[in-house]
Each structure stands twice: as structure tokens, then as C-alpha cells.
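Here's the letter readout for the chains.
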Amino acid sequence: MINYGAKLHPILAYWLGNVNLSRKKLMSGFVLGVLKCKSVKFADIAAELDLSNQTDSNLRRIQNFFANYTIEYQAYARLLMSFVPLRSLCITIDRTNWQLGSTNINILCLTVHYRGVGIPILFDFLDKKGNSNTQERIDLMDPFKALFGTKCIESLTADREFIGDKWYEYLIQHEIPF
């Protein structure tokens, strides 16, 4: 049986720098759990982790990791994209907004679709309610372009929120098919 977690350790070390073994194991398990579950719900992933712990313990480890460890988000994007061939990418830009108590949570996200799974690659927390504007979308696309270029993009899909002459001009200027 192939130990995929052990195969991820050198990849994590390369993309995320000097990470201790315990964190490598958790991060490897987390990545594999997301792919296996096709979900980012911590409880679902905790049930898939093979860390010789009970699910509740795995869940606490995941929660503590995300509460106390900072990953530079472009390193996160490079890590995830290291599993995806950089050719003919179908990407989606979308936004979600909800409230947690009195706090608005508004996330603009760029997702790559691979083998039936949408992988969130880059995201931005918008400090407002409602739709994104053109500059916020450009600020999300520019890091993708810097990291991976635009030649790999087969198509960009978005819903009716993502309109505007300046937005379309940006996509056309940078040869991003939509």
C-alpha cells in the first residue's frame, strides 16, 4: 500500500519551507482528506486523518493548526497547484457572504477545477457586505497570473455578479478566456 502522506512531506517542505514532522503529517493528512472527502469541513477531514488518534482529537489538532499557524497564501496556492497539471485549467471566480453573529464574512475565491473537484487556490476576505468590484477581482487574478501565467487558463467562469466593462477589458487585455 502506498503511503501518500509520506510522499507529500518533501513537497510540503519544498513549498512551505522548514516545517516540523508533526505539522507535515497533519498538513499531508489534511490535503489528502480534502481530496478524499471532496469537502473542506474540518469534521469530515478529521474522520479521514490517519494519525492514530480519535476523530475528536484530530478535529482539535486541525482547529489548533489553523488558529495558530500562518501559511503564506501564495505558498498555499503553489502547494495545491503542484498536484494539478498546468494546462487547460478551468477556473471559477465566485464570492460568498454570510454572517457569523454580527460579523460579516465575505470571501472572494478563485477555484481551479480538476477531476471533478473545485480546489480553492486564492481567496480574499472582503471587508464589506455585497458584491465584489473590478479592482478586488483584479487583485485576486494578479497573483494567479504572477504564479502560473495565463496561458494555462482554458476558461474562466463566473456568475452574473462578475460584470463590467473594465473587468472585461482586463480579461481581454490579459488573454484570459471567459
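Residues numbered from 1 in each chain as written. Predicted model: local features only at pLDDT ≥ 70, side-chain atom pairs only at ≥ 80, totals over all residues. Heavy atoms only, no water.

Taken as a whole and judged by the stated rule, the model has 8 aromatic pairs. Seen from their ring centres, F144 and F148 are 5.1 Å apart, and the 55 degrees between their planes marks the pair as tilted. Taken together, the residues F144 and F148, both in helix α6 (residues 134-148) and 4 residues apart, mark about one turn of the helix. The same class applies to F144 as to F148, namely buried. Seen from their ring centres, W167 and Y170 are 5.8 Å apart, and the 10 degrees between their planes marks the pair as stacked. (Phe/Tyr/Trp six-rings, centres within 6.5 Å; stacked < 30°, edge-to-face > 60°. Helix = DSSP H or I, 4+ residues; strand = E, 2+ residues; numbered from the N terminus. Buried < 20%, exposed > 50% of the residue type's maximum accessible area, 1.4 Å probe, protein only.)

Moving on, we get to unusual backbone geometry. Not every positive phi belongs to a glycine, and K38 is a case in point at roughly 55 degrees. Here K38 is to be found in the loop between α2 (21-37) and α3 (42-48). According to the relative accessible area criterion, K38 is exposed, its value standing at 59%. Non-glycine residue S88 carries a positive phi angle of around 50 degrees.

Here we come to the nonpolar core. Residues I91, L110, I121, F144 and W167 are the most contacted members of the largest nonpolar core, which totals 28 residues. For this core, the secondary structure elements donating two or more residues are α5 (73-81), β1 (89-100), β2 (103-114), β3 (117-125), α6, β4 (153-157) and α7 (165-173). At 5 residues, the largest contribution of residues to this core is made by α6. If we skip the residues at most four places from it in the chain, W167 touches I93, T134, R137, I138, M141, L156 and F162. Membership of the second largest hydrophobic core comes to 8 residues, among which are M27, I45, L49 and F65. (Core = buried A, V, L, I, M, F, W, Y, C linked by side-chain atoms within 4.5 Å. Contact = heavy atoms within 4.5 Å.)

Coordinates in, geometry out; function isn't part of it.
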